[in-house]
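The lines below spell out each chain.
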Amino acid sequence: MTARSQLYEGKAKILYTTDDPAVLLTYFKDDATAFNAQKRGSIEGKGAFNCAIASHLFKQLEASGIPTHFIEQTSANEMRVQAVQIVPLEVVVRNIAAGSLCQQTGLSLGTVLKQPLVEFYYKNDALGDPLLTLDRLLLLELATAEQVEQLRVMALKINDVLQPFFMTCGITLVDFKLEFGLDQHQRLLLADEISPDTCRLWNLTEDDPKQRVMDKDRFRQDLGDVASAYRQVMERVLQQAL
Ligand code: TMP
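Let me sum up the structure you'll find in this document. Predicted model, so just to flag it, every value in this text is computed and none were measured. (Residues numbered from 1 in each chain as written. Predicted model: local features only at pLDDT ≥ 70, side-chain atom pairs only at ≥ 80, totals over all residues. Heavy atoms only, no water.)

### Some thoughts on the pattern of salt bridges
Reasoning step 1: Tallied over the full model, the rule gives 18 salt bridges.
Reasoning step 2: Note that Lys-39 is salt-bridged to Asp-222, the shortest N-O span being 2.7 Å. Taken as a pair, Lys-39 in strand E5 (residues 39–42) and Asp-222 in the loop between helix H5 (217–220) and helix H6 (226–239) lie far apart in primary sequence, 183 residues in all.
Reasoning step 3: Exposure remark for Asp-222: the relative accessible area of 59% places this residue in the exposed category.
Reasoning step 4: Here Glu-149 and Arg-152 are joined by a salt bridge, their closest N and O atoms 3.8 Å apart. Pair noted here: Glu-149 and Arg-152 are both in helix H4 (residues 145–168), with a separation of 3 residues, about one helical turn.
Reasoning step 5: In this structure, a network of salt bridges that share partners links the residues Lys-13, Lys-123, Lys-177, Glu-179, Asp-192 and Glu-193. (Salt bridge = Lys/Arg side-chain N within 4 Å of Asp/Glu carboxyl O. Helix = DSSP H or I, 4+ residues; strand = E, 2+ residues; numbered from the N terminus. Buried < 20%, exposed > 50% of the residue type's maximum accessible area, 1.4 Å probe, protein only.)

### Here's the deal with the side chain of Thr-68
Reasoning step 1: By the secondary structure assignment, Thr-68 is in the loop between helix H1 (46–63) and strand E6 (70–75).
Reasoning step 2: In terms of polar contacts, Thr-68 uses its side chain to reach the backbone amide nitrogen of Phe-70, at 3.1 Å. (Polar contact = N/O pair within 3.5 Å; in protein donor to acceptor, adjacent residues only side chain to side chain.)

### Focus on the packing of aromatic side chains
Reasoning step 1: If you walk through the whole model with that rule in mind, you get 2 aromatic pairs.
Reasoning step 2: Consider the rings of Phe-58 and Phe-70, whose centres lie 5.8 Å apart with planes at 25°: the pair is stacked. With Phe-58 in helix H1 and Phe-70 in strand E6, the pair connects residues that are 12 residues apart, well separated along the chain.
Reasoning step 3: Between Phe-165 and Phe-166 the ring centres are 5.8 Å apart and the planes differ by 80°, which places this aromatic pair in the edge-to-face class. Residue Phe-165 shares its accessibility class with Phe-166, and that shared class is buried.
Reasoning step 4: Over the aromatic face of Phe-219 sits the side chain of Lys-39, whose NZ or CZ is 5.1 Å from the ring centroid.
Reasoning step 5: The ring of Trp-202 has Arg-212 sitting right over it, with the charged end atom 3.6 Å from the ring centre. (Phe/Tyr/Trp six-rings, centres within 6.5 Å; stacked < 30°, edge-to-face > 60°. Lys NZ or Arg CZ within 6 Å of the ring centre and 35° of its normal.)

Read these as geometric descriptors, not functional statements.
Below, the structure is given as structure tokens:
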């Protein structure tokens, strides 16, 4: 199957059409952005690291009964995915307080949450992806109440698979962001990617708050060694058999 034309270029990925209208090709770029693209850069090898990590995690999730858009990895930076209509929500799951949760609530970095927290953000760059209330989400008709409940259940199930998976890799899954899409049967599928770009991952055996970071916070906070942290995540993830 040959790639046809570029459908959409995002900050970290490009989507291409294929001969089959139900199938798209995702190309993972080395480009990195943070703070709604106010900070821009490039992380050498990131595209290939994230493509390999996301492919492995999608397979892991499919094997655990979670429907995803993933079909197969076709090259170092590319995967074939089912075409879906993206739900304009960023679903964030948190196990440990970090990032905007600390900034907005005063919770200390590293506070272990008694139960996972699921949050919905409006996927809208022009508005800076604001945190939504359920009533605002419904007001804007971003999803139905039934879909919101389904998203919450899927997000928690994904956490139940990923948290122990990363633990076996010697990595603490602090928090992560998910995106979902609707297929032609209006079925919700996990879409986009799961990678160090979209998760907070801390090295389990490292206590130093800067040293332990194995995700995009190294880029956001200029901690250095970004590519080697992503490579380390890839190597540990790929070592875990399905
Ligand atoms: P936050 O603490 O900045 O709200 O981020 C929560 C999680 O979501 C964290 O794992 C990083 C991820 N994330 C994205 O994937 N994309 C984004 O645009 C933002 C702001 C966060």
